[in-house]
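# Close look at the chain arrangement
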Amino acid sequence: MSVKESYAGKINRKLNKKLHVIDVAAGRVPADLVLKNATYVNVFSNELCSGDIAVAEGLIVGMGEYHGKVELDVTGKIVLPGFLDAHIHLESSLVSPTEFAKAVLPHGTTTVITDPHEISNVMGTDGIEYMLQATEDLPVDVRFMLPSCVPATPLDESGAILDYRAIDSFYDHPRVQGLAEMMNFVGTVNGDPQVVEKIVASQAHHKKIDGHAPGLSGNDLNAYIAAGVYSDHECSDLNDALAKLERGQFIMIREGTAARNLEALVPLLCSKYVDRCMFCTDDKHPNDLLEKGHIDYIVKKAISLGVDPIIAVKAACHTAARYFLLNNRGAIAPGYLGDFVIIDNFNDFNIKMVFKRGELMYDGQLRDFPTPEIDPYLVKRAHDTFHLTKLTAEDFKDGRPHAIIGLVPGEIISEDAGYIDHIDVEYDILKVAVIERHKNTHHIGLGYIKGYGLKSGAVATSISHDSHNIIVVGTNEEEMAAAANRIVENHGGITVMENGNVLGEVTLAIAGIMSDDPLVMVNSALESAKDEAFRLGVSRDIDPFMTLSFMALPVIPTLRITTRGVFDVNTQRYI
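Along every chain, residues carry numbers that run from 1 in the direction the sequence is written. For a predicted model such as this one, the threshold for reporting local features is a pLDDT of at least 70, and the threshold for listing and counting side-chain atom pairs is 80 or more; totals across whole chains, interfaces and linings nevertheless cover every residue. Water and hydrogen atoms were dropped before computing side-chain values, which therefore reflect all heavy atoms in the structure.

### Re the environment of Leu90
On the secondary structure map, Leu90 appears in the loop between strand 6 (83-88) and helix 2 (97-104). Summary of the burial criterion: residues with accessible area below 20% of their type's maximum are buried, those above 50% are exposed, and those between are partly exposed, where the area comes from a 1.4 Å probe applied to protein chains only. The class for Leu90 is buried, based on a relative accessible area of 1%. Between the alpha carbons of Leu90 and Leu245 there is a distance of 27 Å; along the sequence they are 155 residues apart. Any two residues whose heavy atoms approach within 4.5 Å are treated as being in contact. For Leu90, the residues in contact, after removing those within four places along its chain, are Val95, Pro97, Phe100, Val112, Thr114, Met131, Thr135 and Val142. The helix and strand labels rest on DSSP assignments: H or I over at least four residues marks a helix, E over at least two residues marks a strand, and numbering proceeds from the N terminus.

This is the structure in structure tokens:
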């Protein structure tokens, strides 16, 4: 009986809210908020329209002539729908979801679609649950796509293995939109049952499946899309993007920190294609968030490249909302969320105010909001993800020849640079190792790397895609052991060491990939650590830590290093 009463009470509350919305829309009672004399982007008619915008119960109820309890004159400004990032890994910001929200909300982002792939490779389903709780009721709506490839490949030693059964119950969560980037496009095209069953399971829940298939073409592309993959964010070439768009995929135009594809794909931002195109960042690092911005940066850059401002705005909000079936956002129209970005003009694109569900959250100063509560078990679990014994120099010594990974300046691809059996700093040949840190297997893969530039000391990080074991590069084995041990001592992070002394570091105690500190502090520590790495000789043609982190991902040609040694991606064998 109590359940029925509770349900009846819920219906009654919703009824009262709906009646209030209708009364405000009809002009019978004042709105909660009215943006007076607004010029706003209409994403349906692709034009600028004028009128008052009325909000009640967090929803836009009408445009026209309205009066409200709170009235704000926005004459001379332009009102846009809140921006939406169609694909991001929140962990890439290196800070907690709360800190991420504080960073992007002033830039007009009101919704993001995250793939908790990174933390899931460390914590398994506990990582998904941690992120769901850490994002609950933030003023930036955080929606989820469930990670499809944990680990990224069978070659990785991650903290968990997630098959379709492990993630299936999460589809019932109201903020889960589907299955995240299906990176294993080879397995999909070849009909690998364990890969395809994840797609089938997502479709059984009537959810989306995002793609990740750089350069896939012809019948292989047909097979990938026929399997049920609806989008792609890996297009760096216009012809590649058009081939996928013509076959029905949605194109996520990516402009992040590690990959920037906007300039190549700008021709897609026209009336002919915009209904199939949206913006995403994929990975957004602290300095970029602080110095450049978020989705607003992409919109501004698109406009500077000659894109019609209304088309750019539409790609920044409306297309992604339609794609993810978030049918009450991405537009300024009756029944849509009161998520607004108010700018001065399209040329300067300075954000003056940001509203979330009709509440002013930013007007030059960000309003405070509470940090979500997380189950103490998950907090403890996230801060205890390193399980390995103390390392010594002997762990990194091996007199046998090992392959040399040759770095390519400005790229994350690598070359086969031959073999060697010793460090040769004069010729820029350093030792590199990946240390398994999840299950104390004491697996340590050894190799050499050329082009990093380090002249003294060692650099280590627990951000090593995608399994996030410890990767370390050094000029001698003693420094490598000391740097790796420092990472364990800090429960994760980045360390630059010389002669046993810490010169610079970033502590990333949340699963070894995120910090408990504010974004500004993390960025300051990160930039300081970079400076120290460069001072020790690291080539300025590379990012000391980002480049290193991708050397452990055995899906990018040519050579990578795993916990089992150097792997040739092209021949699919250890060398």
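### Description of a positive patch on the surface
Note that patches include only residues with greater than 30% relative accessible area and no salt bridge, and the join distances are 9 Å for like charges and 5 Å for nonpolar side chains (Val, Leu, Ile, Met, Phe, Trp, Tyr). Here the open area of atoms and residues is found with the Shrake-Rupley method and a 1.4 Å probe, where only the protein chains shown may cover a residue. Salt-bridge detection follows one rule: a side-chain nitrogen of Lys or Arg within 4 Å of a carboxyl oxygen of Asp or Glu. Lys and Arg are tallied as positive, Asp and Glu as negative. Neither His nor the chain termini are counted. For charged residues, the charge sits on one atom: NZ in Lys, CZ in Arg, CG in Asp, CD in Glu. On the surface, Lys10, Arg13, Lys14 and Lys17 cluster together to form a positively charged patch. Within the fold, Lys17 resides in helix 1 (residues 2-25).

### What about the environment of Leu536?
Structurally, the position occupied by Leu536 is in the loop between helix 16 (519-535) and helix 17 (546-550). A C-alpha to C-alpha distance of 24 Å links Leu536 and His402, two positions 134 residues apart in sequence. Once residues within four sequence positions are removed from consideration, Leu536 is found in contact with Gly453, Leu454, Lys455, Ser456, Val496, Met497, Glu498 and Leu503.

### Some points on helix 12 (residues 295-304)
Side chains of residues three or four places apart in an α-helix project in the same direction, reflecting 3.6 residues per turn. The element helix 12 is extensively covered by neighbouring structure, given that 8 of its 10 residues are classed as buried. Turning to helix 12, its buried residues number three or more, namely Ile295, Asp296, Tyr297, Ile298, Val299, Lys301, Ala302 and Ile303. Among the structural elements, strand 6, strand 7 (109-114), helix 10 (262-265), strand 13 (277-280), helix 13 (309-323) and strand 15 (351-356) are those in contact with the buried residues of helix 12. At the exit of helix 12 stands Gly306, carrying a positive phi of roughly 100°.

### Things to note about the domain arrangement of the protein chain
The domain architecture assigned to the protein chain consists of domain 1 (7-76), domain 2 (83-327 + 373-377) and domain 3 (385-574). Inter-centroid distance (C-alpha atoms) of domain 1 to domain 3 is 54 Å. These domain boundaries are the output of an automatic or database domain assignment.

### Some remarks on the sheet that holds strand 13
Strands belonging to one sheet form pairs held by backbone hydrogen bonds; the direction of such a pair is parallel or antiparallel. For two strands to be treated as a pair, DSSP must find no fewer than two bridges joining them. Across the sheet, which stays open at both edges, the 3 strands sit in the order 11-12-13 with parallel pairing between neighbours. Edge strands, defined here as strands with exactly one partner in the open sheet, are strand 11 (231-232) and strand 13. Bridge count for strand 12 (residues 250-254) against strand 13 is 4 bridges, and the pairing is parallel. What sits directly across from Ile253, in strand 13, is Phe279.

### Focus: the environment of Leu268
For Leu268, the position within the fold is in the loop between helix 10 and strand 13. Residue classification places Leu268 among the buried residues on the basis of a relative accessible area of 0%. Expressed as a C-alpha distance, the spacing of Leu268 and Ile253, which sit 15 residues apart in the sequence, is 9.1 Å. Excluding its chain neighbours within four sequence positions, the residues that come into contact with Leu268 are Leu238, Ala241, Leu242, Leu245, Ile251, Ile253, Tyr273, Val274 and Cys277.

### Observations concerning the packing of helix 12 against helix 13
Direction vectors running N to C along helix 12 and helix 13 enclose 155°, while the axes themselves pass 9 Å from each other. Put simply, helix 12 runs roughly antiparallel to helix 13. The element helix 12 and its partner helix 13 pack so that their crossing is right-handed. Contacts from Ile295, Val299, Ala302 and Ile303 of helix 12 reach helix 13 at Pro309, Ala312, Val313 and Ala316. Simply put, an axis is a line fit to the C-alpha atoms, just over the touching stretch for a helix, and the angle between two N-to-C directions goes from 0 to 180 degrees. The labels follow the angle: roughly parallel below 35 degrees, roughly antiparallel above 145, roughly perpendicular from 65 to 115, and oblique for the rest. The handedness criterion is simple: a crossing whose near helix is rotated anticlockwise from the far helix by less than a right angle is left-handed, and one whose near helix is rotated clockwise is right-handed.

### Points about the sheet that holds strand 26 (residues 565-568)
The antiparallel open sheet is built from 3 strands, whose spatial order is 25-26-27. The open sheet terminates on both sides in strands that have one partner only, identified here as strand 25 (559-562) and strand 27 (573-574). Pairing of strand 26 with strand 27 involves 2 bridges; the strand directions are antiparallel. Looking at the pairing, Phe567 lines up with Tyr574 of strand 27.

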